[in-house]
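Observations on the model geometry
Letter by letter, the chains look like this.
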2 protein chains.
Amino acid sequence: LLSFTGRWLLISAAVGALAGTASAGFLVALDWVTAWREAHSWILAALPVGGLLVGLLYHYWGQPVEAGNNLLLDEIHAPRAVLPLRMAPLVLLGTLLTHLFGGSAGREGTAVQMGGALADQLTGWLRLRPHDRTLLLIAGISAGFASVFGTPLAGAVFGLEVFLLGRLRYDAILPSFLAAACADWVTRAWGVGHTAYPLLAAPAQFSLLGLGSAVVAGVVFGLTARVFAATTHLIRGFFKRWLSFAPLRPMLGGAVLTLLVWALGTTDYIGLGIQVIVRAFAEPLPSYAFALKLLLTALTLGAGFKGGEVTPLFFIGAALGNALAPVLPLPMPLLAGMGFVAVFAGAANTPLACLLMGLELFGQQGGLYIGVACVVSYLFSGHRGIYGAQMVGQSKH
Amino acid sequence: LLSFTGRWLLISAAVGALAGTASAGFLVALDWVTAWREAHSWILAALPVGGLLVGLLYHYWGQPVEAGNNLLLDEIHAPRAVLPLRMAPLVLLGTLLTHLFGGSAGREGTAVQMGGALADQLTGWLRLRPHDRTLLLIAGISAGFASVFGTPLAGAVFGLEVFLLGRLRYDAILPSFLAAACADWVTRAWGVGHTAYPLLAAPAQFSLLGLGSAVVAGVVFGLTARVFAATTHLIRGFFKRWLSFAPLRPMLGGAVLTLLVWALGTTDYIGLGIQVIVRAFAEPLPSYAFALKLLLTALTLGAGFKGGEVTPLFFIGAALGNALAPVLPLPMPLLAGMGFVAVFAGAANTPLACLLMGLELFGQQGGLYIGVACVVSYLFSGHRGIYGAQMVGQSKH
């Protein structure tokens, strides 16, 4: 047991160093790309070109790693071969192109794939057996998630929760926590910070009316997560059916996105949308904001652009919580925070990781409302989340 | 699904009302009993009499419910019959007698048994099917735990984590969270408060040295949890072998305890020990404090007094963390907080519930250190914790 612990301390430190460094570089590049786009908004008109570039990139070099997150999950379920190292630079480049030209996407997919692919390179060097390799992949996922959002506890539990719906992989708990802690430390040691969201002040007292409201909000969040996952799958299927040459898909998707953004007359709904997320805690947003972000993100990712789903899900949830504030007797910042993590909890089927993320980002004051919202959202989001390769370990109810 | 949610909202509210009210009454009575004992310390000399009373109580009326927490867990694993309602008053009375005469015990066992037994009475009234009854029992455990400590999130996850080592029961997640939230609300609505521990200020920055220290501390916490569980089982076995008439066991145990406390010359190590726990966050304690509490608690519970293990485990952990402060480069309050939840995490094999408890009690600042300590302690505490009826769902490593 001591040798198990010592070994995983070393391996987790290595995984953390790799994933944390990758996340740090990614976050810096993403900031740069986003700032450049905001200063040169004409680039949006070239979104179809960006789509074509991403499409060609993956068509010629990326076919073995195209499944992305799902490939990672599949390898955990049924190990076949070490993940190609190219997964890391390809997803990095694809995501940066997506954000440079103005697609609506996130970043957890990128960080998780970089973390997983880099971690898996240790499999050969250390001659790990299959079971240890599984732990290594889970640790890589945890490390990537932890470092890209600056939430080590959520990252650790995300890795344990994500691949099997309704199960939590306790035998990987040590590697996950250590790798998440190291990766987060490494990213911060590179001097890369994270968005600070406001700590929530709890409502004066927890009340039964508040609890009922949290349940209602959770139902809305869960159904929204379900719609998001279904819409993304639908759009992806549509593009696959009608365009057999894969690189054309993001090109056409990019053209539709450009038209949509032009028709909307605002760039609020492209990119990560961090500024809008922060506003959701402070002032009323349009009540349809969540729906627009949902549509644009499903279109971006369904068409084949790269990136993650999670930051857009934060946006969708925070905007939806914001929109529920006039209807439900809970404060707007609390509802925004509940939606922020709960829509994601439903879409990824990771309620405990999302509860921990809520505690890490917003403090423990609103923890109970956040927990109830995450749990109810998880329950109402159906059995098919955003990750197609996630298996059902135990039915939800 | 809506009917599932609506039904469990109602059932959970009922469970919460029952368990929360029981916990409120229990906490008030416990305060009263503890204050009386502190004002009349001569009562300690009568501890053997108290032991005899508890023993006779359970011998004549309590045989079907003697297994206590283990009976609850057994019913979840293999449902047989509705728990006798008398479990609730018997464990309440037994615990109050234990604390009145100065045994060293806790309160979670009492709250959990009251919550479980009261909840289970709904089985007949509502004509629940076996699967629903399992969810009901889990909700009762969550509700009892949540309301006695004022930590609803930890209570909810404790119920999901406790009965099967290395598994988490996701299909009970909604009933658990709702019942825990309601029970906590009900206890507070009765005007019953909880000990406020100091919120931790994090060390300036998370460091690799700090992470290594958390791992070392976690190993020490986990081994201590192992020693605690083994000592309790050993003493219980010893008494069972040598005294066939059960009521004599706590009588003899009480006599030994009286002598020990008299020899020690301090009452710091009897009862709940809340005052010492609070001191562990503020000033150095004797380095052997944790060992004395461990011994006295194992003797109290092993001999057949009633109560729980958890508050003494908080004491043992906080005192041990306090004692590690001169050796490890982490602040004393943080080490005390880490030990507080991590020894319990190892002894009960519930790392995630304990992590959440750490976040609820001490704030999110020290969360990562607390998480690592809980996980490592869980790993090093062996596969046989304080609950004999806990089954191994998945090996720890």
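Residues numbered from 1 in each chain as written. Chains lettered and ligands numbered in written order. Predicted model: local features only at pLDDT ≥ 70, side-chain atom pairs only at ≥ 80, totals over all residues. Heavy atoms only, no water.

**Quick word on the nonpolar core**
By size, the foremost hydrophobic cluster in this structure holds 308 residues, and its most contacted members are Met338(A) and Met338(B). Apart from the residues lying within four places of it in its own chain, the contact partners of Met338(B) are Ala214(B), Ala217(B), Phe221(B), Leu330(B), Tyr369(B), Ile370(B) and Ala373(B). (Core = buried A, V, L, I, M, F, W, Y, C linked by side-chain atoms within 4.5 Å. Buried < 20%, exposed > 50% of the residue type's maximum accessible area, 1.4 Å probe, protein only. Contact = heavy atoms within 4.5 Å.)

**Here's the deal with the domain arrangement of chain A**
Residue and element names in this part refer to chain A. Here the domain parsing of chain A yields domain 1 (2-189) and domain 2 (208-392). Distance from the C-alpha centre of domain 1 to the C-alpha centre of domain 2: 21 Å. Facing 49 residues of domain 1, the contacting portion of domain 2 comprises 51 residues. Among the residues of domain 1 in contact with domain 2, Ser104, Glu161 and Leu165 are the three that bury the most area, contributing 18% of the side total. Every element with two or more residues in the side of domain 1 that touches domain 2 is listed here: helix H1 (2-39), helix H2 (47-60), helix H3 (69-77), helix H4 (87-101), helix H5 (108-125), helix H6 (130-149), helix H7 (152-161) and strand E1 (164-165). Considering each element in turn, the side of domain 1 that touches domain 2 owes the most residues, ten residues, to H2. Of the residues in the side of domain 1 that touches domain 2, the class split is 23 nonpolar, 19 polar and seven charged. (Domains from an automatic or database assignment. Buried area = accessible area lost by both parts, 1.4 Å probe. Helix = DSSP H or I, 4+ residues; strand = E, 2+ residues; numbered from the N terminus. Nonpolar A, V, L, I, M, F, W, Y, C, P; charged D, E, K, R; others polar.)

**Remarks on empty space enclosed by the protein**
Any empty space left between the atoms is revealed when a probe the size of a water molecule rolls over them. All names here are of chain B. This model, assessed by the stated rule, comprises four cavities of 30 Å³ or more. The computed volume of the largest cavity comes to approximately 60 Å³. Lining the largest cavity, in full, are Asn69, Leu72, Leu73, Glu108, Val112, Ile141, Phe158, Val162 and Tyr387. Within the residue set of the lining of the largest cavity, elements represented by two or more residues are helix H3 (69-77) and helix H5 (108-126). In terms of residue count, the dominant contributor to the lining of the largest cavity is H3 (three residues). In terms of residue class, the lining of the largest cavity is made up of seven nonpolar, one polar and one charged. (1 Å grid on protein atoms, 1.4 Å probe; cavity = no way out; pocket = protein on both sides within 12 Å on 5 of 7 lines; lining within 4 Å. Points joined across faces, edges and corners; volume = space filled by probe spheres on them.)

**Focus: the state of the cysteines**
On inspection of all chains with the given rule, the structure shows zero disulfides over all chains. With no disulfide of its own, Cys354(A) lies closest to Cys374(A) among cysteine sulfurs, the gap being 5.3 Å. (Disulfide = S-S within 2.5 Å.)

**A look at the relation of the copies chain B and chain A**
Overlay of chain B on chain A (RMSD 0.0 Å): rotation 180°, translation along the axis 0.0 Å. Classification of the inter-copy transformation places it as that of a two-fold axis. The overlap is high: 100% of the interface residues of chain B also sit at the interface in chain A, so the same surface is used on both sides. (Least-squares fit on C-alpha atoms with pLDDT ≥ 70 in both.)

**Some points on the packing of helix H10 (residues 248-264) of chain A against helix H12 (residues 289-303) of chain A**
All names here are of chain A. Running from N to C, H10 and H12 point in directions that differ by 160°, and their axes come no closer than 8 Å. Here H12 runs roughly antiparallel to H10, going by the angle between their axes. Here H10 and H12 pass one another in a crossing that is left-handed. Seen from H10, the contacting residues are Arg249, Pro250, Gly253, Val256, Leu257, Leu260, Val261 and Leu264; seen from H12, they are Leu292, Leu296, Leu299, Thr300 and Ala303. Broken down by class, the residue content of the contact of H10 with H12 amounts to ten nonpolar, two polar and one charged. (Axes fitted to C-alpha atoms, helices over the stretch in contact; angles between N-to-C directions. Parallel < 35°, antiparallel > 145°, perpendicular 65-115°, else oblique. Left-handed = near helix turned anticlockwise from the far one by under 90°.)

**Some thoughts on the packing of aromatic side chains**
Applying the stated criterion across every chain, the model contains 36 aromatic pairs over all chains. A centroid spacing of 6.0 Å and a plane angle of 40° characterise the contact between Tyr197(A) and Phe281(A), whose relative ring orientation is tilted. Placement of Tyr197(A) in the loop between helix H8 (173-189) and helix H9 (208-242) and of Phe281(A) in the loop between helix H11 (274-280) and H12 is noted, with a sequence separation of 84 residues between them. Just as Tyr197(A) is buried, Phe281(A) falls in that class too. Each ring, one from Tyr269(B) and one from Phe315(B), has its centre 5.9 Å from the other, and the planes form 55°; the classification is tilted. Here Phe315(B) lies in helix H13 (residues 310-324) and Tyr269(B) lies in the loop between helix H10 (248-264) and helix H11 (274-280), a separation of 46 residues in the sequence. Take Tyr269(B) and Phe315(B): they sit in the same class, and that class is buried. What links up through ring pairs into an aromatic cluster is the set Phe145(A), Phe149(A), Phe158(A), Tyr197(A), Phe281(A), Phe314(A), Phe340(A), Phe344(A) and Phe362(A). (Phe/Tyr/Trp six-rings, centres within 6.5 Å; stacked < 30°, edge-to-face > 60°.)

**Examining a nonpolar patch on the surface**
All names here are of chain A. A cluster of nonpolar residues, Tyr60, Trp61, Phe245, Leu248 and Met251, forms a patch on the protein surface that exposes about 510 Å² of accessible area. Residue position: tryptophan 61 is located in the loop between H2 and H3. With a relative accessible area of 53%, tryptophan 61 lands in the exposed category. (Patch = residues over 30% accessible without salt bridge, like charges linked within 9 Å, V, L, I, M, F, W, Y side chains within 5 Å. Areas by Shrake-Rupley, 256 points an atom, 1.4 Å probe, with all protein chains shown as cover. Salt bridge = Lys/Arg side-chain N within 4 Å of Asp/Glu carboxyl O.)

**Here's the deal with the pattern of salt bridges**
Applying the stated criterion to the full structure yields 16 salt bridges over all chains. Ionic pairing is found between Asp268(A) and Arg279(A), a salt bridge with its closest N-O pair at 3.8 Å. With Asp268(A) in the loop between H10 and H11 and Arg279(A) in helix H11, this pair connects stretches of sequence that are eleven residues apart. Residue Arg279(A) is classed as partly exposed on the basis of its relative accessible area of 31%. A salt bridge links Arg133(B) to Glu75(B), with the nearest nitrogen and oxygen atoms 2.9 Å apart.

**Thoughts on the side chain of Glu108(B)**
Residues and elements named next belong to chain B. Within the element layout of this structure, glutamate 108 appears in helix H5. One buried charged side chain, glutamate 108, makes no salt bridge at all; its nearest oppositely charged neighbour is arginine 107, positioned 7.8 Å away. Beyond its immediate chain neighbours, meaning those up to four positions away, glutamate 108 contacts Asn69, Phe145, Val148, Phe149, Gly308, Glu309, Val310 and Tyr387. (Lys, Arg positive; Asp, Glu negative; His and termini not counted.)

**Examining the side chain of Asp171(A)**
In this fold, Asp171(A) is placed in the loop between E1 and H8. Polar contacts involving the side chain of Asp171(A) include one to the side chain of His131(A), which spans 3.1 Å. Within the structure, the side chain of Asp171(A) is placed 2.7 Å from the side chain of Arg169(A), a separation counted as a polar contact. Sequence-distant contacts of Asp171(A), that is, excluding residues within four places in its chain, are made with His131(A), Leu135(A), Gln394(B), Ser395(B) and Lys396(B). (Polar contact = N/O pair within 3.5 Å; in protein donor to acceptor, adjacent residues only side chain to side chain.)

**A look at the interface of chain B and chain A**
Counting residues at the interface gives 51 residues for chain B and 51 residues for chain A. Between chain B and chain A, roughly 4,700 Å² of surface is buried when both sides are summed, and carbon and sulfur atoms account for 80% of that area. For the pair chain B and chain A, the interface holds zero salt bridges. Summed over the shared surface of chain B and chain A, the result is two residue pairs in polar contact (both at pLDDT 80 or more).

**Concerning helix H13 (residues 310-324) of chain A**
With 15 residues, H13(A) extends 21 Å from end C-alpha to end C-alpha; this agrees with the ideal 21 Å at 1.5 Å per step. For H13(A), the tally of buried residues reaches 15 of 15 residues, placing the bulk of the element in the interior. (Expected span 1.5 Å × (residues − 1).)

**Concerning the environment of Ala214(A)**
Of note, Ala214(A) is situated in helix H9. Look past the residues within four positions of Ala214(A) in its chain and what remains in contact with it is Leu330(A), Met338(A), Tyr369(A), Val372(A) and Ala373(A).

**A few points about the packing of H1(A) against H5(A)**
All names here are of chain A. One can describe the packing of H1 onto H5 by two numbers: an axis separation of 9 Å at closest approach and a directional angle of 145°. Considering how the two elements wind past one another, H1 and H5 form a crossing that is right-handed. Counted together, Ile11, Ala14, Val15, Leu18, Ala19, Ala22, Ser23 and Phe26 of H1 and Thr110, Ala111, Met114, Gly115, Leu118, Ala119 and Leu122 of H5 form the full contact between these two elements.

**Topic: unusual backbone geometry**
Residues and elements named next belong to chain B. Even without glycine at this site, arginine 127 takes up a positive phi of about 50°. For arginine 127, the position within the fold is in the loop between H5 and helix H6 (130-149). Arginine 127 gets classed as exposed once you look at its relative accessible area, which sits at 74%. Notably, asparagine 349 is not glycine yet its phi reads approximately 60°, a positive angle. In this fold, asparagine 349 is placed in the loop between helix H14 (332-348) and helix H15 (351-362).

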